[in-house]
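Examining the three-dimensional arrangement
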Amino acid sequence: LEVRWHRRGDFPQLCKLFHQCFPDEKWTVQDFMDFVRKRHGTCANMLKILGRDKSDQIYGAVLYTINGTCQVRRLAILPDPIYRRHGLGTFLMNAALIGKRCPLRCETFTARVREVNFIGQAFLKSLGFVFDQQESRTCYDEDLEWYVFRFHKPAHKRLFLALAG
């Protein structure tokens, strides 16, 4: 398996995968195309795919928006339901954001998870994120409570990134 950038032909399969993982959110192919095209000031929308090089099969994806200060504004990890609990989400997060081979030079990341998303909270904690604060935000026209988690790359990774940059 490899982590790669999305291709235009991936969007229909991504829509299906997104609907399986987040049934309340109805994204279309156009929504995915708009997401990867948009930039919001210093924020960039990213979409990485976990699949096989010679195949169109997608086993998972990670979709995120990151700004210049390494705040992850939107994070959606999309493992194929058939392969859940096999480490795909961890593999994607390491490749896309926090692993030593990650191309980002950020030392600290923040991510927000809804208060009721216990699986998401446990997942972030398993990766080394720690609870930072609770905040209220409006999403989909309803006030929701969010937990903010913070991740600090270990010192040896920071040294490597400083030397590489």
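Residues numbered from 1 in each chain as written. Predicted model: local features only at pLDDT ≥ 70, side-chain atom pairs only at ≥ 80, totals over all residues. Heavy atoms only, no water.

So, on to the pattern of salt bridges. Taken as a whole and judged by the stated rule, the model has two salt bridges. As a salt-bridge pair, Glu 135 and Arg 112 come within 2.5 Å of each other at their nearest N and O atoms. In this pair, Glu 135 is assigned in strand β7 (residues 130-139) and Arg 112 in strand β6 (residues 108-114), connecting sequence segments 23 residues apart. For Glu 135, a relative accessible area of 16% corresponds to the buried category. Accessibility expressed as a relative area gives 21% for Arg 112, which makes it partly exposed. (Salt bridge = Lys/Arg side-chain N within 4 Å of Asp/Glu carboxyl O. Helix = DSSP H or I, 4+ residues; strand = E, 2+ residues; numbered from the N terminus. Buried < 20%, exposed > 50% of the residue type's maximum accessible area, 1.4 Å probe, protein only.)

The next thing to look at is the confidence of the model for the chain. When pLDDT is averaged along the chain, the result is 76; 74% of the residues meet or exceed 70. The least confident element of the chain, judged by mean pLDDT, is helix α5 (residues 155-164) at 47; the most confident is helix α4 (residues 118-126) at 88. Note on residues 156-165: pLDDT is under 50 here. Beyond four places in sequence and across chains, it has eleven contacts. (pLDDT = per-residue confidence, 0-100. Contact = heavy atoms within 4.5 Å.)

The next point concerns the nonpolar core. In terms of nonpolar packing, the biggest core is built from 21 residues, with Tyr 64, Leu 97 and Phe 129 touching the most fellow members. Those elements that provide at least two residues to this core are β3 (43-51), β4 (58-66), α3 (88-98), β6 and β8 (142-152). Among the elements that make up this core, the one with the highest residue count is α3 (five residues). (Core = buried A, V, L, I, M, F, W, Y, C linked by side-chain atoms within 4.5 Å.)

So, on to the packing of aromatic side chains. If you walk through the whole model with that rule in mind, you get nine aromatic pairs. Ring plane angle 20° and centroid distance 6.2 Å describe the contact between Phe 11 and Phe 32, whose orientation is recorded as stacked. On the criterion of sequence distance, the pair formed by Phe 11 in helix α1 (residues 11-21) and Phe 32 in helix α2 (residues 29-37) is long-range, its members being 21 residues apart. Residue Phe 11 is classed as buried on the basis of its relative accessible area of 3%. (Phe/Tyr/Trp six-rings, centres within 6.5 Å; stacked < 30°, edge-to-face > 60°.)

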